[in-house]
Amino acid sequence: MNAPRIIVALDFSGAKPALELVAKLDPQLCRMKVGKELFTAAGPQLLEQLMNKGFEVFLDLKFHDIPNTVAGACKVAASLGVWMVNVHALGGRKMLSAAREALLPGTTQLIAVTLLTSMGRDDLADIGLNDEPEIIVQRLARLASACGLDGVVCSALETARLRQIMGKDFCLVTPGIRPLDSSVGDQQRVATPRQAIANGADYLVIGRPITQAADPLLMLQRLHVEIETQLAAG
Ligand code: C5P
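The following refers to the structure shown. Quantities reported herein were computed from a predicted structural model and do not represent experimental measurements. (Residues numbered from 1 in each chain as written. Predicted model: local features only at pLDDT ≥ 70, side-chain atom pairs only at ≥ 80, totals over all residues. Heavy atoms only, no water.)

### Quick word on the side chain of R178
Step number 1: Along the chain, R178 turns up in the loop between strand 7 (171-174) and helix 8 (193-198).
Step number 2: Discounting residues that sit within four places of it in the chain, R178 has contacts with S183, V184, Q187, V190, A191, T192, P193, R208 and P209. (Helix = DSSP H or I, 4+ residues; strand = E, 2+ residues; numbered from the N terminus. Contact = heavy atoms within 4.5 Å.)

What follows is the structure in structure tokens.
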């Protein structure tokens, strides 16, 4: 069995509903993403519970602080045993390098968020960023790579261009995934699992299409097959 490409976004406000959902899923088919809401509610104990059930964990806390503080946070995250952790590329070169030095390559995967997809051109102009968003994303991805990070989070629409620019070994983690027949919700720029993989994504972050499905395991199995079929097709 290939390593699972699906990362289920556990966007819950507490451990109980998260673990109820997790009990229905299969660690052979997916990993888990724990973000700020769930981690604030349930902490490292929940990470341990997920890992004890056999799931690898992406700790999505998007660290952004002075280099020393981010390095310390990354070190502690790695000591908890998480598979992947992330930082904001906007923290700059010194912060990214400090995060890299805190995590030995080949241990916990270290990736960067480039621009938040919630920020449009006007929001970026408000904080003095006047280039086109895609240009800024590419610049930040290059910076992350130059600092030795393993990859970036990017929207499905940015994936193809970043794969071209960054080469085959740079890890691309893509949210905003929607199966053909599922509701788009508040996501604006979506792709199907098949499209995202064809565009070069390594991992797909999928939340509501799985967490809100009538049968979450069935949906997970269906998406897994779609991804494996696309990978086999090249
Ligand atoms: O439910 P849904 O599939 O939209 O969840 C997507 C997950 O990916 C959420 O946890 C969301 O915070 C995260 N995410 C995103 N867009 C980004 C970065 C992260 O949707 N640009």
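That was the structure; now back to the text.
### Things to note about helix 2 (residues 36-52)
Step number 1: Compared with the 24 Å implied by 1.5 Å per residue over 17 residues, the 21 Å span of helix 2 between its first and last C-alpha is markedly short.
Step number 2: At A42, helix 2 shows its maximal bend, which comes to roughly 100°, and the proline P44 appears one to four places after that position.
Step number 3: Of all the positions in helix 2, only L38, F39, A42, G43, L46, L47 and L50 are classed as buried.
Step number 4: The inward-facing, buried residues of helix 2 abut helix 1 (15-22), strand 2 (30-35) and strand 3 (57-63). (Expected span 1.5 Å × (residues − 1). Bend = angle between axes of the 7 residues up to and from the residue. Buried < 20%, exposed > 50% of the residue type's maximum accessible area, 1.4 Å probe, protein only.)

### As for the nonpolar core
Step number 1: In terms of nonpolar packing, the biggest core is built from 68 residues, with L10 and V87 touching the most fellow members.
Step number 2: Here L10 is in contact with A18, L21, V22, M32, K33, V34, L38 and L50, once residues within four sequence places are set aside.
Step number 3: Core analysis: the next-biggest nonpolar cluster, separate from the first, contains 12 residues, W83, I111, V173 and V205 among them. (Core = buried A, V, L, I, M, F, W, Y, C linked by side-chain atoms within 4.5 Å.)

### Brief notes about the sheet that holds strand 4 (residues 84-88)
Step number 1: What the eight strands build is a closed barrel, ordered 1-2-3-4-5-6-7-8; its pairing is parallel. Looking at each pair of strands side by side, their axes are set apart by 25° on average, direction ignored.
Step number 2: Across three bridges, strand 6 (residues 151-153) lies against strand 7 in parallel orientation. Bridged to G151 within strand 7 is C171.
Step number 3: Packed on one face of the sheet, helix 2 meets strand 2 and strand 3 and runs near 145° to strand 2.
Step number 4: Its contacts with the sheet place helix 10 (residues 216-233) against strand 1 (6-9), strand 2 and strand 8 (203-206), and it is angled at close to 145° to strand 1. (Pairing = 2+ DSSP bridges. Axes fitted to C-alpha atoms, helices over the stretch in contact; angles between N-to-C directions.)

### Describing the packing of helix 6 (residues 133-146) against helix 7 (residues 156-166)
Step number 1: Two elements in contact, helix 6 and helix 7, have axes whose closest approach is 11 Å; the angle formed by their N-to-C orientations is 45°. Classed by the angle they form, the pair helix 6 and helix 7 counts as oblique. Here helix 6 runs over helix 7; the crossing is right-handed. Along the contact surface, helix 6 presents V137, Q138, A141, R142 and S145, while helix 7 presents E158, R161, L162, I165 and M166.
Step number 2: Considering only residue class, the contact of helix 6 with helix 7 consists of five nonpolar, two polar and three charged. (Parallel < 35°, antiparallel > 145°, perpendicular 65-115°, else oblique. Left-handed = near helix turned anticlockwise from the far one by under 90°. Nonpolar A, V, L, I, M, F, W, Y, C, P; charged D, E, K, R; others polar.)

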